[in-house]
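# Examining the three-dimensional arrangement
Listed below are the residues making up each chain.
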Amino acid sequence: MRIMAPLLTAFALALAACSPQPSAEATPAAVQDERHPTSNLRIVPVTIRSGTAAHVFRAEVANTPEAQAQGLMFRTDLADDEAMIFPREGNAIASFWMKNTPLPLDIIFIGTDRKILNIAAMTTPYSLESVSSVGPVSAVFEVRGGLSEELGIGPGDTVEW
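All of the points below concern the structure found in this document.

## With respect to the overall build of the chain
Each helix and strand counted, the chain has 4 helices and 9 strands in total. Accessible area for the chain stands at about 9,600 Å²; split by element, carbon and sulfur atoms hold 59% of it.

In structure tokens, the structure reads:
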């Protein structure tokens with residue numbers, strides 16, 4: 001019996017090692033915790049459906065007053081698959097400006113039905129002029145200036161996040 005005990009223990013340990021282990025990649029928390037290296041804001045996928053095309057972006061979520069005030073100020077680059085989304089509460093008109101923003105942006109205003117209301121395209125860097133939505137919004141979405149036209153994104157397209 002003394003010889004069998006170590007063998008049984010070794011067999012049990014070998015069997016446990018062969019059991020499937022949960023992977024870190026499958027953990028929803030790991031997916032939800034992706035952060036942008038510059039802003040440290042959470043990144044979520046945002047899809048714009050334009051006709052039969054689906055354009056997917058990795059969007060930083062500016063969901064606090066501080067993050068919304070900062071926006072993309074002082075940023076000197078924004079890849080074509082990068083964006084920032086500003087979720088809004090209520091049904092109010094949204095106005096944005098380009099103070100301290102060196103990049104031209106397309107500012108996309110998303111209605112309460114999650115369809116694009118209007119786009120302020122190729123906004124002027126550093127401008128203090130306000131650009132506004134044409135109706136109440138549920139979010140505002142910013143991408144590189146000119147990208148909306150290049151991709152054929154326009155009013156009436158659906159935005160999912």
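The structure having been displayed, the exposition proceeds.
## Things to note about the sheet that holds strand β8 (residues 137–144)
The strand order β6-β5-β8-β3-β2-β1-β9 describes an open sheet built from 7 strands, whose pairing is mixed. If you trace the sheet from one side to the other, it starts and ends with β6 (116–120) and β9 (158–160), each paired once. Each neighbouring strand pair of the sheet contributes to a mean axis angle of 30°, computed without reference to strand direction. Both strand β5 (residues 105–111) and β8 contribute to a ladder of 7 bridges, which runs antiparallel. Among the inter-strand pairings, Ile-107 is bridged to a residue of β8, identified as Glu-142.

## Some remarks on the environment of Phe-74
As for its position among the elements, Phe-74 is in the loop between α3 (65–70) and β3 (82–87). On the basis of relative accessibility, which here comes to 55%, the residue Phe-74 falls in the exposed class. Along the primary structure Phe-74 and Pro-102 are separated by 28 residues, whereas in three dimensions their C-alpha atoms are 6.3 Å apart.

## Quick notes on unusual backbone geometry
Not every positive phi belongs to a glycine, and Phe-74 is a case in point at roughly 70°. Backbone geometry places Arg-114, a non-glycine residue, at a positive phi of 65°. Inspection of the secondary structure assignment puts Arg-114 in the loop between β5 and β6. For Arg-114, a relative accessible area of 33% gives the class partly exposed.

## Quick notes on the side chain of Glu-60
Along the chain, the position of Glu-60 falls in strand β2 (residues 53–61). Apart from the residues lying within four places of it in its own chain, the contact partners of Glu-60 are His-36, Ser-39, Leu-41, Arg-42, Leu-72, Arg-75, Ala-83, Met-84 and Ile-85.

## So, the environment of His-55
Mapped onto the elements of the fold, His-55 is located in strand β2. A relative accessible area of 14% places His-55 in the buried class. Linking His-55 and Ile-153, residues 98 residues apart in sequence, is a C-alpha distance of 8.8 Å. Engagement of the side chain of His-55 in a polar contact is seen with the backbone oxygen of Leu-151, the distance being 3.3 Å.

Criteria and thresholds
- Residues numbered from 1 in each chain as written.
- Predicted model: local features only at pLDDT ≥ 70, side-chain atom pairs only at ≥ 80, totals over all residues.
- Heavy atoms only, no water.
- Helix = DSSP H or I, 4+ residues; strand = E, 2+ residues; numbered from the N terminus.
- Areas by Shrake-Rupley, 256 points an atom, 1.4 Å probe, with all protein chains shown as cover.
- Pairing = 2+ DSSP bridges.
- Axes fitted to C-alpha atoms, helices over the stretch in contact; angles between N-to-C directions.
- Buried < 20%, exposed > 50% of the residue type's maximum accessible area, 1.4 Å probe, protein only.
- Contact = heavy atoms within 4.5 Å.
- Polar contact = N/O pair within 3.5 Å; in protein donor to acceptor, adjacent residues only side chain to side chain.

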